[in-house]
Amino acid sequence: MEKVIEINGLTKMYKNGRGIKTLNLEINKGDVFGFLGPNGSGKTTAMKIMTGLMKADSGEVKLFGRNVVDEYEKAMQHVGCLIETAESYPYLTAYENLKLFSRYYKNIDDNRIDEVLSLTGILKYRNEKSKNFSLGMKQRLGLSAAILSKPELVILDEPLNGLDVEGMIEIRKLIKKLVETEQTTFFISSHLIHDVELTCTKIGIIYEGKLLSVDHMENILANYATLENYFISEVDKNGRI
Amino acid sequence: MEGFKATVINEIEKMYKKKKMIVILIISVAVIAIGILISIGLSSVGVGVFKKSSVFPISVLSVLANTLLPLFTTLVAIDLFSGEFSHNTMKIALTRPVSRFKLFSAKITAIAFFVMVNLVVVMLLSTSVGLICNFNSITFIGIIRIIISYIVTLLPIMVLALIVVFFSNILKSSSAVFFLCIMLYMISFVMGKIFSPYSSLFITSMLDWHIHWVSDTMLITKITREFLIMLGYGIMFFTGGYYLFDKRDL
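Report follows, based on the coordinates. A quick note: this is a predicted structure, and the numbers were derived from the prediction, not measured. (Residues numbered from 1 in each chain as written. Chains lettered and ligands numbered in written order. Predicted model: local features only at pLDDT ≥ 70, side-chain atom pairs only at ≥ 80, totals over all residues. Heavy atoms only, no water.)

Turning our attention to the overall build of chain A. When helices and strands are tallied, chain A shows nine helices and ten strands. The C-alpha atoms of chain A give a radius of gyration of 18 Å, which matches the 18 Å a tight globule of 241 residues would have. Here the C-alpha coordinates of chain A stretch approximately 50 × 40 × 40 Å along the principal axes. Sorting the 241 residues of chain A into buried and exposed places 55% on the buried side. Across chain A, the fraction of contacts at a sequence separation of at least 24, relative to all contacts at a separation of at least 6, is 66%. Taken as a whole, chain A presents about 10500 Å² of accessible surface, with 47% of it coming from carbon and sulfur. (Helix = DSSP H or I, 4+ residues; strand = E, 2+ residues; numbered from the N terminus. Rg over C-alpha atoms; globule rule 2.2 N^0.38 Å. Buried < 20%, exposed > 50% of the residue type's maximum accessible area, 1.4 Å probe, protein only. Contact = heavy atoms within 4.5 Å. Areas by Shrake-Rupley, 256 points an atom, 1.4 Å probe, with all protein chains shown as cover.)

A few words on empty space enclosed by the protein. Scanning the model with the defined rule gives five cavities of 30 Å³ or more in all. In terms of lining residues, the largest cavity is bounded by 13 residues, among which A:C81, A:L82, A:E87, B:I92 and B:T95 are the most central. Those elements that provide at least two residues to the lining of the largest cavity are β6 (79–82) and α5 (135–147) of chain A together with α5 (90–94) of chain B. When the residues that make up the lining of the largest cavity are grouped by side-chain class, the tally is seven nonpolar, three polar and three charged. The calculated volume of the second largest cavity comes to roughly 80 Å³. What lines the second largest cavity is simply A:P159, A:L160, A:R172, A:I175, A:I188, A:S190, A:D195, A:V196, A:T199 and A:C200. (1 Å grid on protein atoms, 1.4 Å probe; cavity = no way out; pocket = protein on both sides within 12 Å on 5 of 7 lines; lining within 4 Å. Points joined across faces, edges and corners; volume = space filled by probe spheres on them. Nonpolar A, V, L, I, M, F, W, Y, C, P; charged D, E, K, R; others polar.)

Set out below in structure tokens:
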């Protein structure tokens, strides 16, 4: 199996003592990886280091075999991401925002922009400035930006934040469609265990900066009634609940 | 180079869409209009900048290079760095396949483009006004002098921009950077006047170095010395600014 993400001994500690400690992880092509953990467990920190927004104290991250520190451009060429909050330039329309992002990639034309706006359900707001968008609409625009370049790896930090039930279902369907049709690999962090259970094929649990376990969803559901039970059990094993 | 080119285009488009550039150009044009009115007033008492058609554009530049242009450049530079950090929009570009060095250089290039556009617009307008008011005095040398004086002004303004960018990467708040830059500008201006023998060490005293280029006897030594000092400042603040930009965690 082709390794898409390799994380080796990743450590980043903040002054308040929180952070991540010697994180090791491998994600293969076509995996839909769910990164589970409570608030402050280090999910976003790990994802920020993976996408070059933050520097690690030690350890390394390789995307498609390329180190994100030494070969950032090549490592990020086939990566789309949405980290922490979906940001856009508020004085630009949805179309103009995506047009800006499209310049970093080859062969992204207006049809592709319309296609992603349609996939995320905001095509009708194409020419509206994003400052007038609701939280859910901004989230959809952020998702559009993440999948615009037809990336082979999509890193999403809490992608369902602010979405209504209908939106959550649509995004779940979109993720499944991209996995089936384009073999896209997903790395998704979320605290919504039920949604992770419905979407992901592989699960990693992080708690207080340490990766407690990594397992395939089918193994988890063979041994536990729900993902929630597995999560509680894993955290409990480590004596923290 | 693709990432660099894309970022330069994006930064210029963002400036344009924010209407900031348009407002700034309008203000610059308004300054010329005010300059004309003042000049007409002075002409009536015998002090005329329209005596020669090339004097008016250079007079406008001297005022602009010491006042509005540094102010506008500071605002734009802060907007491109501190503004984007504080509005959390910096990560939009940082998560694209473009290195931080290219992103940083592209933003500096966009600032240079803004300064150039501003200078070109003011040059064209002020030259036109100068010609309209005294067409007979037009000479080829006069036109060349105007063009040179406007082109060379780009350098001190860009050094100033790099200093602003440096502080924009230290302080998080846009307003804190703005006030710090205003304070430093005023201190540098006053120090340049008080310690006039050392004035060439202060960037504010180099904002009107275009005068050395268009004076009747060209001061090669002075121009070279000031050029090297500005180059030194430029390299220092570019390197320092990039170092901070590269190390910054979001």
